[in-house]
Amino acid sequence: MLDVYDLLHDINQALLTRGVKRFEETVRAAIFSGILSDTIAASVARHSRVLTENQFHNGHPDLIPEGVYAHDKVQSGHEGVEVKATKGRGAVDTHGARDAWLLVFRYRTDSETEPAIERAPSRFVEILLAQLSTEDFRRNDRGELGTRTASPNRAGMKKLRANWIYRDL
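Reading the values: rules and limits
- Residues numbered from 1 in each chain as written.
- Predicted model: local features only at pLDDT ≥ 70, side-chain atom pairs only at ≥ 80, totals over all residues.
- Heavy atoms only, no water.
- Helix = DSSP H or I, 4+ residues; strand = E, 2+ residues; numbered from the N terminus.
- Expected span 1.5 Å × (residues − 1).
- Buried < 20%, exposed > 50% of the residue type's maximum accessible area, 1.4 Å probe, protein only.
- Phe/Tyr/Trp six-rings, centres within 6.5 Å; stacked < 30°, edge-to-face > 60°.
- Arc of directions from axis to C-beta.
- Contact = heavy atoms within 4.5 Å.
- Lys, Arg positive; Asp, Glu negative; His and termini not counted.
- Salt bridge = Lys/Arg side-chain N within 4 Å of Asp/Glu carboxyl O.
- Polar contact = N/O pair within 3.5 Å; in protein donor to acceptor, adjacent residues only side chain to side chain.

Colleague: Would you take a moment to explain helix 3 (residues 29–47) for this structure?
Modeller: Side chains of residues three or four places apart in an α-helix project in the same direction, reflecting 3.6 residues per turn. Relative to the 27 Å expected for 19 residues at 1.5 Å per residue, helix 3 spans 27 Å between its end C-alpha atoms, a close match to the ideal helical length. Along helix 3, the residues classified as buried are Phe 32, Ser 33, Leu 36, Ser 37, Thr 39, Ile 40, Ala 41, Ser 43 and Ala 45.

What follows is the structure in structure tokens.
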């Protein structure tokens, strides 16, 4: 968490000194959560004894056991942990329902305090981890123009919430 907090602080300090809005208010929400997810995965891998980042571009899962896959690279592996960050309640969108460990970092951003310069830094409010199966997901059809996704259903969310790692609600 501290790695992400440090990164956001450094980026926001640079933006604010240039008269630009905070990073959270500059990029789209999906981009912000994606950057948080990637940063979390990199940080967990750096601090882990056995997990490393999946070197396959957009590979699944994000973190894989070191040495299990050739060149630490797999398009769709069965071993490892998928990492997601969300501002929501935890039912993150994934690219498909899969049997996998899911690590969810929930965050809050202050978008209401005025003047904006006095807004509180974004912070994590919950970290959830559970091994989910395909039955723990609901399919989200997006019509012919959107990408179909899957999110943890009630049973999946129950597993995630039962196995929380951190809470500051």
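Now that the structure is up, let's keep going.
Colleague: Is there a simple way to think about the environment of Gly 96 in this case?
Modeller: Note that Gly 96 resides in the loop between strand 3 (81–86) and strand 4 (100–108). When the C-alpha atoms of Gly 96 and Asn 163 are compared, they prove to be 22 Å apart, with 67 residues separating the residues in sequence.

Colleague: Would you mind showing me how to read the packing of aromatic side chains here?
Modeller: The way to describe two aromatic rings as a pair is by their centre distance and the angle between their planes. A full pass over the atoms with the stated rule returns four aromatic pairs. An aromatic cluster is defined as three or more aromatic residues linked by ring pairs; in this entry it consists of Tyr 5, Phe 105 and Phe 124.

Colleague: Sorry if this is basic, but what is going on with helix 1 (residues 2–17) here?
Modeller: With 16 residues, helix 1 ought to run about 22 Å at 1.5 Å a step, and its terminal C-alpha atoms sit 22 Å apart, in line with that. Along helix 1, the positions that sit buried rather than exposed are Val 4, Leu 8 and Asn 12. Buried residues of helix 1, seen end-on, are gathered within an arc of 55° and therefore sit on one face of the element. Facing away from the buried side of helix 1 by more than 90 degrees, the exposed set consists of Leu 2, Asp 10 and Thr 17. Buried residues along helix 1 sit against helix 2 (23–26), helix 3 and strand 5 (123–132).

Colleague: What exactly am I supposed to notice about the side chain of Asp 72 here?
Modeller: Mapped onto the fold, Asp 72 is located in the loop between strand 2 (63–65) and strand 3. Buried Asp 72, no salt bridge; nearest opposite-charge side chain is Lys 73, N-O distance 11 Å. Among the polar contacts made by the side chain of Asp 72, one reaches the main-chain amide nitrogen of Gly 67 at a distance of 2.9 Å. Once residues lying within four places of it in the same chain are set aside, the contact partners of Asp 72 are Thr 52, Glu 53, Asn 54, Gln 55, Ile 64, Pro 65, Glu 66 and Gly 67.

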